[in-house]
2 protein chains.
Amino acid sequence: MPAPLPSEKAYIPFVSVENMMRLVHHVGIETMLVELTDAVEADFRRWDLFDKTPRVASHSHDGVIELMPTSDGTVYSFKYVNGHPKNMSQGLQTVTAFGLLAEVSTGYPLLLTEMTLLTALRTAATSAMAARHLAPKGTRTLAMIGNGAQAEFQVLAMKAVLGIEEVRLYDIDPKATEKTARNLAGKGLQLVSCSTAQAAIEGAGIITTCTADKQFATILTDNMVGAGVHINAIGGDCPGKTELHRDILLRADTFVEYPPQTRIEGEIQQMDPDYPVTELWQVINGRAQGRSSERQITLFDSVGFAIEDFSALRYVREKLAGTDYFQKLDIIADPDDPRDLFGMLQRAE
Amino acid sequence: MPAPLPSEKAYIPFVSVENMMRLVHHVGIETMLVELTDAVEADFRRWDLFDKTPRVASHSHDGVIELMPTSDGTVYSFKYVNGHPKNMSQGLQTVTAFGLLAEVSTGYPLLLTEMTLLTALRTAATSAMAARHLAPKGTRTLAMIGNGAQAEFQVLAMKAVLGIEEVRLYDIDPKATEKTARNLAGKGLQLVSCSTAQAAIEGAGIITTCTADKQFATILTDNMVGAGVHINAIGGDCPGKTELHRDILLRADTFVEYPPQTRIEGEIQQMDPDYPVTELWQVINGRAQGRSSERQITLFDSVGFAIEDFSALRYVREKLAGTDYFQKLDIIADPDDPRDLFGMLQRAE
């Protein structure tokens, strides 16, 4: 009997952390952030086509583990992601993730990849996409509040996509600000390290909050926020975790990804169920108004949605073509006769 | 600066298909089926402790892709699994799967493994567990209807756990029966290949149906089923996919895994929402009656539940200790300073 040939579909390309870093440097991080922003925006334009469901969360005392599936009818994706604020004190990541693309017609996986880095990149790209549609025109100054693992990605996306020139940094822990300033040195940005949130937002047209406490926090209060700014709130992303005082939300026009998920997880969990929100995809498609005046406060209450991961996974899969930035993983049992799974096992003895 | 030491948590043990086959042969398939049956039963005994949710299904024209998460508060698991009946005609598996264990306290993965083989093993173990509690005492004959990829696993579990001696095989495709009979030859079973389902169930105390059509099918009709048998229906496992005529369900006492999922996916999707069912875990725990008379028809309407995968994943993790049946996968980004994800990326340039 000739040796059975394993089907090409039985080996799944896997992108390790090391290979993801190689891919990022191969493309160039700012180029990649621009391309990811365009990839996410392209999928927001065809929002209607996607299977959408709030993520499936398993909450525990210390954090949450979530599965985030979606599909455009041809390709399926999901991400596994955790959020454990106290991990940092053990030297572990607050957020780690990996994800998968699969073919809808067969259910066979197409790609498995680390997504801790990729999530930081796609979250930054999504922020930049929202700011492209909502921030005041000509903004050159960003306040970056919360200088943890995602801060540099957020800053570079705003630079690459919107032309931000000045970045004002603040974190409750000055060491985090030092780390971020050090990492961003030499990137063509004017960096100002601030000792209060109030100081950080002076003159900023975009305020990004990205803090990790799992509690109702008030990173920004109403009196701090002047007219005309765009706020990008990405740290409040699970029940019981918010960053903004509710008075800000009463003055702002709020834009969200997927309302059924954001009402549970976002800043607007503080508000009544009928607090008005606009879906960002409708602004991008021209179906709803974005910024309508110079004095308006716009808020992107971002919690992260599965379609953004879908876009990032598809982007990575395209970029892998012709490179060796992946391994082949023997994860799908593939007997020559599909009904003969047991025979395959038996012959392996 | 000293080179950062990657945390041990950053490398996740991965069990490939090849290593899973090595593990099965190392343990011995019948021993493994007995141990898996006990592992699943141990978790059914503590059913109340688990986070339970119907699986998250993404249906398409050709099949379904599902995510099946659960947690006992200490360990989290999920399985990715597809079901695409027409895959077989393309030389592909109808069902492929992989799964993950993670630590609830940190969200960090503990194990990633193929689960196409492991699903066949745990499904067989679950059938044997149910039969141990529901089948008529002293049954030595099994009718195995549907001789596809799972058939041999089902048969061997019934042999190893219940002492089945005679197996009567039937499939709509005689080649599938030939394949199953060939694979089971020399395993200490008396094998009878039958040309009708009616002939296959003659004298059988346990009837297992495991067919793959994605449609309402009638593998068994009411007149075929005599008093006193135990039916193990595992092929009807998604909306629109059933195997038994509803008249059988009207005569049988039906036992299920998790009613909210089974009412959508199981044989009982044909019945009224108040069709009475007994949860199998309650029988195992002595909280509900199993078989109550010699003439009773018991039906295990099995669709597969996340806790069974949890048990199987935990079992595999324990069995891996001290072996080399796994690779280490670099899937978690692990900077020495957890807030310095960007610095890690930058230093890799």
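Conventions we followed
Residues numbered from 1 in each chain as written. Chains lettered and ligands numbered in written order. Predicted model: local features only at pLDDT ≥ 70, side-chain atom pairs only at ≥ 80, totals over all residues. Heavy atoms only, no water. pLDDT = per-residue confidence, 0-100. Contact = heavy atoms within 4.5 Å. Pairing = 2+ DSSP bridges. Helix = DSSP H or I, 4+ residues; strand = E, 2+ residues; numbered from the N terminus. Right-handed = clockwise from strand over helix to strand, strands pointing away. Salt bridge = Lys/Arg side-chain N within 4 Å of Asp/Glu carboxyl O. Buried area = accessible area lost by both parts, 1.4 Å probe. Nonpolar A, V, L, I, M, F, W, Y, C, P; charged D, E, K, R; others polar. Least-squares fit on C-alpha atoms with pLDDT ≥ 70 in both. Expected span 1.5 Å × (residues − 1). Buried < 20%, exposed > 50% of the residue type's maximum accessible area, 1.4 Å probe, protein only. Domains from an automatic or database assignment. Polar contact = N/O pair within 3.5 Å; in protein donor to acceptor, adjacent residues only side chain to side chain. Axes fitted to C-alpha atoms, helices over the stretch in contact; angles between N-to-C directions.

1. Some words on the confidence of the model for chain A
Scored by pLDDT, chain A comes out at a mean of 93, with 97% of its residues at no less than 70. Scored below 50 in pLDDT, residues 1-6 of chain A makes 5 contacts in the model with residues more than four places away or belonging to other chains.

2. Looking at the pairing of strand E14 (residues 253-256) of chain B
All names here are of chain B. Inspection of the sheet shows E14 paired to strand E16 (residues 298-301) by 3 bridges, in the parallel sense. By the bridge assignment, Asp 253 is partnered in E16 with Thr 298. Note that E14 and strand E15 (residues 277-279) share 3 bridges and pair parallel. When the sheet's bridge partners are listed, Thr 254 is paired in E15 with Val 277. A crossover links E14 with its parallel partner E15, the connecting element being helix H8 (residues 259-265), and its sense is right-handed.

3. Overview of the pattern of salt bridges
All names here are of chain A. Taken as a whole and judged by the stated rule, the model has 44 salt bridges over all chains. In this structure, Glu 35 engages Lys 319 in a salt bridge whose closest nitrogen and oxygen atoms are separated by 3.1 Å. Residue Glu 35 is located in helix H2 (residues 29-45), and its partner Lys 319 is located in helix H10 (residues 306-320); the two are separated by 284 residues in the primary sequence. A salt bridge links Glu 41 to Arg 45, with the nearest nitrogen and oxygen atoms 2.8 Å apart.

4. Examining the interface of chain B and chain A
Opposite the 77 residues of chain B that make contact, chain A presents 77 residues. Both sides of the chain B and chain A interface together cover about 6,900 Å² of buried area, and 68% of this is carbon and sulfur. Considering only the side of chain B, the residues that lose the most area to chain A are Arg339(B), Phe342(B) and Leu345(B), jointly responsible for 12% of the buried surface there. Viewed at the interface, chain A and chain B are joined by 2 salt bridges. When residues of the side of chain B that touches chain A are assigned to their parent elements, the largest contribution, 6 residues, is made by helix H11 (residues 341-347) of chain B. Class assignment of the residues belonging to the side of chain B that touches chain A gives a composition of 39 nonpolar, 21 polar and 17 charged.

5. Considering the relation of the copies chain B and chain A
The operation relating chain B to chain A is a screw motion whose rotation component is 180 degrees, with 0.0 Å of axial translation and a residual RMSD of 0.0 Å. Taken together, the rotation angle and the small translation identify this as a two-fold axis. In this assembly the copies share their binding face: 100% of the residues contributing to the interface of chain B also contribute to that of chain A.

6. A short note on helix H4 (residues 151-162) of chain B
Residues and elements named next belong to chain B. The end-to-end C-alpha distance of H4, which contains 12 residues, comes to 16 Å, matching closely the 16 Å that a straight helix rising 1.5 Å per residue would cover. Burial analysis of H4 places 10 of its 12 residues in the buried class, the great majority of the element. Listing the buried residues of H4 in full gives Ala 151, Glu 152, Phe 153, Gln 154, Val 155, Leu 156, Ala 157, Met 158, Val 161 and Leu 162. Gly 163 occupies a position one or two residues after H4 and carries a positive phi of about 75 degrees.

7. Focus on helix H1 (residues 17-27) of chain A
The α-helix advances 3.6 residues per turn, and as a result positions three or four apart in sequence lie on the same side. Those residues of H1(A) that fall on the buried side of the exposure criterion are Val17(A), Asn19(A), Met20(A), Met21(A), Leu23(A), Val24(A) and Val27(A). Gly28(A) sits one or two positions beyond H1(A) and adopts a positive phi of about 95 degrees.

8. Overview of the domain arrangement of chain A
In many analyses, interface size is given as the accessible surface area lost on bringing the parts together. All names here are of chain A. Taken domain by domain, chain A holds domain 1 (11-117 + 307-347) and domain 2 (133-304). Here domain 1 and domain 2 have C-alpha centroids that lie 26 Å from each other. Listed per partner, the contact involves 24 residues of domain 1 and 26 residues of domain 2. Across the domain 1-domain 2 interface, the total number found is 3 salt bridges. Among the salt bridges present, the one from Arg 55 reaches Glu 265, with a minimum N-O distance of 2.4 Å. The tally of links from domain 1 across to domain 2 stands at 9 residue pairs in polar contact (both at pLDDT 80 or more).

9. Things to note about the packing of H1(A) against helix H3 (residues 116-134) of chain A
Residue and element names in this part refer to chain A. Close contact between H1 and H3 brings their axes to 9 Å; oriented N to C, the two are set at 40 degrees. Residues Val 17, Met 20, Met 21 and Val 24 of H1 touch H3, and the partners they reach there are Leu 117, Leu 118 and Leu 121. A breakdown of the residues in the contact of H1 with H3 according to their chemical character gives 7 nonpolar, no polar and no charged.

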